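Now for the letters of each chain:
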Amino acid sequence: MEEGNMKRKPLSASFVTGSIALVFLIIGYEVAVFIHKAAVTRIEANRDHPDTVYVYVDSGEDATEEETLSSALLRNPVRANAPESVSPSVVRHNAKHSPVVEAVRARSRKVESFSFNPNTVSVEDLQRLGFSEKQALSIDNYRLKGGRFRRKEDFAKSYVVADSIYDRLEPYIVIPKLDINKADSTALLDLPGIGPYFAGKIVSYRTSLRGYSAPEQLMEIYHFDREKYDGLKDLITCSAPEPYPIWTLSEDELSKHPHISRTEAHSIVIYREHHTPSECTFEGLRKAGTLSEEHAGKLSLCKLQSAAAATP
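Cut-off values and rules
- Residues numbered from 1 in each chain as written.
- Predicted model: local features only at pLDDT ≥ 70, side-chain atom pairs only at ≥ 80, totals over all residues.
- Heavy atoms only, no water.
- Helix = DSSP H or I, 4+ residues; strand = E, 2+ residues; numbered from the N terminus.
- Patch = residues over 30% accessible without salt bridge, like charges linked within 9 Å, V, L, I, M, F, W, Y side chains within 5 Å.
- Areas by Shrake-Rupley, 256 points an atom, 1.4 Å probe, with all protein chains shown as cover.
- Salt bridge = Lys/Arg side-chain N within 4 Å of Asp/Glu carboxyl O.
- Buried < 20%, exposed > 50% of the residue type's maximum accessible area, 1.4 Å probe, protein only.
- Lys, Arg positive; Asp, Glu negative; His and termini not counted.
- Polar contact = N/O pair within 3.5 Å; in protein donor to acceptor, adjacent residues only side chain to side chain.
- Contact = heavy atoms within 4.5 Å.
- Phe/Tyr/Trp six-rings, centres within 6.5 Å; stacked < 30°, edge-to-face > 60°.
- Expected span 1.5 Å × (residues − 1).
- Arc of directions from axis to C-beta.
- Core = buried A, V, L, I, M, F, W, Y, C linked by side-chain atoms within 4.5 Å.

1. Looking at unusual backbone geometry
Working step 1: The phi torsion at Arg 210 lies on the positive side, around 65 degrees, for a residue other than glycine.
Working step 2: Looking at where Arg 210 falls in the secondary structure, it is placed in the loop between helix H9 (196-209) and helix H10 (226-230).

Written as structure tokens, this is what we have:
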């Protein structure tokens, strides 16, 4: 029998069923991929806006906000993505993102660069700066345990801060210097080489001086040497104190200053009683021999009130 005249065998029912199932499977897969991509695109487009649930409220005027929201959740329908202008009785409630949404946002998050203090920046902002959630939490955990970043280089030493990230962020790291005229003894403990003893001495000496006029005056404290000062001088600053009223204080008050002895205090009072305000100057005191060379040298660092400013 010729080949063209051969009868074709009909397709089996199982083959036809399998083929149809395969076609539907392929179509279903394509549809699922399309829906997933559309959902991701929508999330990425709105990633900076939290999920919002709008709840219609129908409670008495005297109800608290918590009671109102609870009542609304129990008795009223919930409408998602409702415009705020729909009704004055709508309560806006931010919902927690699902793990899927958070994962998509994490993958699509844009890396930013902005000024920040590594000692206070939030975990969320650390992620905006390019750190993963795990890395951000690691930095936060270090701080919670008492860790401090005194200098930019300290932040670079953290094992979760890669060199490439630090190189990008280094210009944006801002660690405020500690003002020795405003810091209390607890804040001073954050400085390297400063324990409770020196923290207390810095505060008490500040009181005696009526405020530091220059950071170098720390070295006037007993045993506070140049090495200790060099170890922290880049971490501190000194706001301007009120000028020391050398031309108006009594002899007793003047003698309480670390660089004015009882005899010198008496001489200052005598000097200002016999000179006009224009003649009452620090240089005038030095030339008159009112102050010792040691005290004159240290007092020259202090911000002194002028006699003219002290005159009513």
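2. Some points on a nonpolar patch on the surface
Working step 1: Taken together, the side chains of Val 23, Ile 27, Val 31, Phe 34 and Ile 35 make up a nonpolar region of the molecular surface, amounting to roughly 490 Å² of accessible area.
Working step 2: In this structure, Ile 35 sits in helix H1 (residues 13-45).

3. Focus: the pattern of salt bridges
Working step 1: Considering all chains together, one arrives at 14 salt bridges under this definition.
Working step 2: Lys 152 is the partner of Glu 170 in a salt bridge, and the nearest nitrogen-oxygen pair spans 3.3 Å. Residue Glu 170 is located in the loop between helix H7 (163-169) and strand S4 (178-179), and its partner Lys 152 is located in helix H6 (residues 152-156); the two are separated by 18 residues in the primary sequence.
Working step 3: Among the residues examined, Glu 170 registers a relative accessible area of 29% and is labelled partly exposed.
Working step 4: Shared partners join several salt bridges into a network, and the residues in it are Glu 112, Asp 125 and Arg 128.

4. Focus: the side chain of Glu 220
Working step 1: Position of Glu 220 among the secondary structure elements: in the loop between H9 and H10.
Working step 2: Lacking a salt bridge, the buried Glu 220 has Lys 298 as its closest oppositely charged neighbour, with an N-O distance of 5.8 Å.
Working step 3: Among the polar contacts listed, one links the side chain of Glu 220 to the side chain of Tyr 205, at a separation of 2.5 Å.
Working step 4: Ignoring sequence-local partners within four residues, the contact set of Glu 220 consists of Tyr 205, His 259, Lys 298 and Leu 301.

5. Points about the packing of aromatic side chains
Geometrically, a pair of aromatic rings is defined through the distance of the ring centres and the angle of the planes.
Working step 1: In total, this model carries eight aromatic pairs according to the counting rule given.
Working step 2: Taking the centre distance of 5.1 Å and the plane angle of 80 degrees together, the rings of Tyr 197 and Phe 198 count as edge-to-face.
Working step 3: A relative accessible area of 47% means that Tyr 197 is categorised as partly exposed.
Working step 4: What makes Phe 198 buried here is its relative accessible area of 13%.
Working step 5: A network of ring pairs unites the aromatic residues Phe 116, Phe 131, Tyr 142, Phe 149 and Phe 155 as a single cluster.

6. Some thoughts on helix H12 (residues 262-273)
Working step 1: The end-to-end C-alpha distance of H12, which contains twelve residues, comes to 17 Å, matching closely the 16 Å that a straight helix rising 1.5 Å per residue would cover.
Working step 2: Of all the residues in H12, the buried ones are Glu 264, Ala 265, Ile 268, Val 269, Tyr 271 and Arg 272. Within H12, the buried residues cover an arc of 160 degrees as seen down the axis, which keeps them to one side. Opposite its buried face, H12 presents the exposed residues Thr 263 and Glu 273, each directed more than 90 degrees away.
Working step 3: Along its buried surface, H12 packs onto helix H11 (251-254), helix H13 (282-287) and helix H14 (293-299).

7. Regarding the nonpolar core
Working step 1: Ile 194, Ile 202, Tyr 212, Leu 218, Phe 224, Ile 246 and Leu 254 are the most contacted members of the largest nonpolar core, which totals 37 residues.
Working step 2: Every element with two or more residues in this core is listed here: H9, H12, H13 and H14.
Working step 3: Setting aside anything within four residues of it in sequence, one finds Ile 202 in contact with Leu 188, Ile 194, Tyr 212, Leu 218, Ile 221 and Phe 224.
Working step 4: Judged by nonpolar contacts, the second largest core, of 17 residues, contains Leu 129, Ala 136, Phe 155 and Val 160.

8. Re the environment of Arg 206
Working step 1: Considering the arrangement of structural elements, one finds Arg 206 in helix H9.
Working step 2: Distance from Arg 206 to Asn 181, taken between C-alpha atoms, is 7.1 Å for residues 25 residues apart in sequence.
Working step 3: In contact with Arg 206, other than residues within four places in its own chain, are Ile 180, Asn 181, Lys 182, Ala 183, Gly 211 and Tyr 212.
Working step 4: Of the polar contacts made by the side chain of Arg 206, one reaches the backbone oxygen of Ala 183; its length is 2.9 Å.

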